[in-house]
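Each chain, written out:
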Amino acid sequence: MTDEQEERAVEIVIGGAKRRFDIDDPILPDWVKTLQEQSAVGQPDKLGRSDYDRDLELLQVELVKVQAWQQATSARVVLLFEGRDAAGKGGAIAATREYMNPRSARIVALPKPTERERGQWYYQRYVEHLPSAGEFVMFDRSWYNRAGVEPVMGFCTPDEHAHFLAETPDFERMLVKSGIYLFKFWLDIGRAKQLERFHDRRHTILKAWKLSPMDIASIQRWDDYTAMRDQMFASTHTDLAPWIVVRADDKRRARLNLIRRVLLGVPYEGKNINAIGREEPAIIGGPELAVQA
């Protein structure tokens, strides 16, 4: 085993026991599978492909109606997609955007800030990408980098983090008061599910690009990310801009419920409530739904 491989094999405490996880081992440990089965107790059964495809198509038809309503009314919509690494943010964005007109439905996924951007007002580079009249904008990570990744990885100071938590409710109040429909989604997964997805990325050629050094580093920082997430909820979950937690171990149910929340939250013309269906309280709700273990 090389030194690099040894570094990627880590010891973590999970399920009340110390475990060794080697992401380079092509065989997923049995204890990961066992913990996943335990975490699935009390949750809805995994949604089948045919049911998912049927329901998703109905919801995507409604999203097209949303765009038509936006063009007629100049309404602006912003979706923030946040969550742990491998929570399924990219897939949820793709399912939402699939049949929307890309001219007015934009995805914003910003790289790390440049030297010039680091000298700006923190929110400035995000403000540049907010929607104009009739636009539907999805942020694949957002200004909330400063609430999670940055403090955990040491990319900002404790004072910068505290300032962000204090100022963000005012910033978002301005957005909502200006007429923007703002949806803040936190996609939440269990630790065993995250390990399984990291392992899948490592050993599936078509997904290998998704696995980053940040993902590897996050394996041993689960508790740090949990603490930052809970602090973020406590400081920035407001009546005007609440956090919407989506349990995302089942990607299909997560995507459907997320899209339903958007459709139920905007007053577009021709809304078909029967097509939208009902949200699942076990899948989508407030911060109290977030995984603690």
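Residues numbered from 1 in each chain as written. Predicted model: local features only at pLDDT ≥ 70, side-chain atom pairs only at ≥ 80, totals over all residues. Heavy atoms only, no water.

**Details of the confidence of the model for the protein**
Part 1 of the reasoning: Model confidence for the protein is summarised by a mean pLDDT of 94, while 97% of its residues fall at 70 or above.
Part 2 of the reasoning: Contacts of residues 1-6 to residues separated by more than four positions or lying in other chains number 5 contacts, the stretch itself having pLDDT below 50. (pLDDT = per-residue confidence, 0-100. Contact = heavy atoms within 4.5 Å.)

**Regarding the sheet that holds strand β4 (residues 105-108)**
Part 1 of the reasoning: On the basis of which strands lie adjacent, the open sheet formed by 6 strands has the order β4-β5-β3-β6-β7-β8 and mixed pairing. Both outer strands of the open sheet, β4 and β8 (284-285), are each paired with one neighbouring strand and no more.
Part 2 of the reasoning: By the bridge criterion, 5 bridges tie strand β3 (residues 77-83) to strand β5 (residues 136-140) in an arrangement that is parallel. Paired with L79 across the two strands is M138, which belongs to β5.
Part 3 of the reasoning: On top of the sheet, helix α11 (residues 222-236) reaches β6 (181-188) and β7 (243-247); it is set at about 155 degrees to β6, its chief contact. (Pairing = 2+ DSSP bridges. Helix = DSSP H or I, 4+ residues; strand = E, 2+ residues; numbered from the N terminus. Axes fitted to C-alpha atoms, helices over the stretch in contact; angles between N-to-C directions.)

**Section: the environment of E196**
Part 1 of the reasoning: Summarising the element assignment, E196 is placed in helix α9 (residues 191-203).
Part 2 of the reasoning: Placed 38 residues apart in sequence, E196 and A234 show a C-alpha to C-alpha distance of 29 Å.
Part 3 of the reasoning: Each residue touching E196, except ones within four places of it in the same chain, is listed here: L28, V32 and Q36.

**Some details on the nonpolar core**
Part 1 of the reasoning: Counting 37 residues, the largest nonpolar core has L79, F81, F136, F183, F185, L187 and L263 as its most contacted members.
Part 2 of the reasoning: Listing elements by their share of this core, those giving two or more residues are α3 (49-73), β3, α4 (89-97), β5, β6, β7 and α12 (251-265).
Part 3 of the reasoning: Those residues within four positions of L263 in sequence are excluded, and the remaining contacts are L59, E62, L63, V66, Y268, K271 and I276.
Part 4 of the reasoning: Y123, F164, L182 and L289 belong to the second-largest nonpolar core, a separate cluster that totals 27 residues. (Core = buried A, V, L, I, M, F, W, Y, C linked by side-chain atoms within 4.5 Å. Buried < 20%, exposed > 50% of the residue type's maximum accessible area, 1.4 Å probe, protein only.)

**Notes on the environment of A254**
Part 1 of the reasoning: Of note, A254 is situated in helix α12.
Part 2 of the reasoning: Exposure remark for A254: the relative accessible area of 4% places this residue in the buried category.
Part 3 of the reasoning: Separated by 20 residues in sequence, A254 and A234 place their C-alpha atoms 23 Å apart.

**A look at the pattern of salt bridges**
Part 1 of the reasoning: Under the defined criterion, the tally for this structure stands at 23 salt bridges.
Part 2 of the reasoning: Between R202 and D24 there is a salt bridge whose closest N-O contact spans 2.6 Å. Of this pair, R202 sits in helix α9 while D24 sits in the loop between β2 (17-22) and α2 (30-39), and the two are 178 residues apart along the sequence.
Part 3 of the reasoning: According to the relative accessible area criterion, D24 is buried, its value standing at 14%.
Part 4 of the reasoning: Salt-bridge contacts for D51 lead to R54; the nearest nitrogen and oxygen are separated by 3.2 Å. One end of the pair is D51 and the other is R54, both in helix α3 and 3 residues apart, which spans about a single turn.
Part 5 of the reasoning: Residue classification places D51 among the partly exposed residues on the basis of a relative accessible area of 31%.
Part 6 of the reasoning: The network of salt bridges with common partners includes D51, R54, D55 and R260. (Salt bridge = Lys/Arg side-chain N within 4 Å of Asp/Glu carboxyl O.)

**So, α12**
Part 1 of the reasoning: With 15 residues, α12 should cover 21 Å at 1.5 Å per step; its first-to-last C-alpha distance of 21 Å lies within 8% of that length.
Part 2 of the reasoning: What α12 keeps buried is the set R253, A254, R255, L256, N257, L258, I259, R260, V262 and L263.
Part 3 of the reasoning: One side-chain oxygen at the N-terminal end of α12 lies 3.1 Å from the backbone nitrogen of R252; it belongs to D250. (Expected span 1.5 Å × (residues − 1). Polar contact = N/O pair within 3.5 Å; in protein donor to acceptor, adjacent residues only side chain to side chain.)

**Description of the packing of aromatic side chains**
Part 1 of the reasoning: Within the structure shown, the criterion is met by 21 aromatic pairs.
Part 2 of the reasoning: When the ring of F81 is compared with that of F185, the centres are 6.0 Å apart and the planes differ by 40 degrees; the resulting orientation is tilted. Highlighted residues: F81 in strand β3 and F185 in strand β6, separated in sequence by 104 residues. Here F81 and F185 have matching classes, each one buried.
Part 3 of the reasoning: Note on W121 and F171: the rings are 6.1 Å apart at their centroids and 85 degrees apart in plane angle, and the pair reads as edge-to-face. Of this pair, W121 sits in the loop between α5 (115-118) and α6 (124-127) while F171 sits in helix α8 (residues 158-177); the two residues are 50 residues apart in sequence, bridging distant segments of the chain.
Part 4 of the reasoning: Of the aromatic side chains, those joined through ring pairs into one cluster are W121, Y122, Y123, Y126, F139, W143, Y144, F164, F171, W186, F233 and W243.
Part 5 of the reasoning: Just above the ring of W222 sits the side chain of R84; from NZ or CZ to the centre is 3.5 Å. (Phe/Tyr/Trp six-rings, centres within 6.5 Å; stacked < 30°, edge-to-face > 60°. Lys NZ or Arg CZ within 6 Å of the ring centre and 35° of its normal.)

**Some words on unusual backbone geometry**
Part 1 of the reasoning: Of note, the phi angle at S74 is positive, near 65 degrees, even though the residue is not glycine.
Part 2 of the reasoning: Turning to its location among the elements, S74 is positioned in the loop between α3 and β3.
Part 3 of the reasoning: With a phi close to 75 degrees, A86 is a non-glycine residue in the positive phi region.
Part 4 of the reasoning: Owing to a relative accessible area of 5%, A86 belongs among the buried residues under this scheme.

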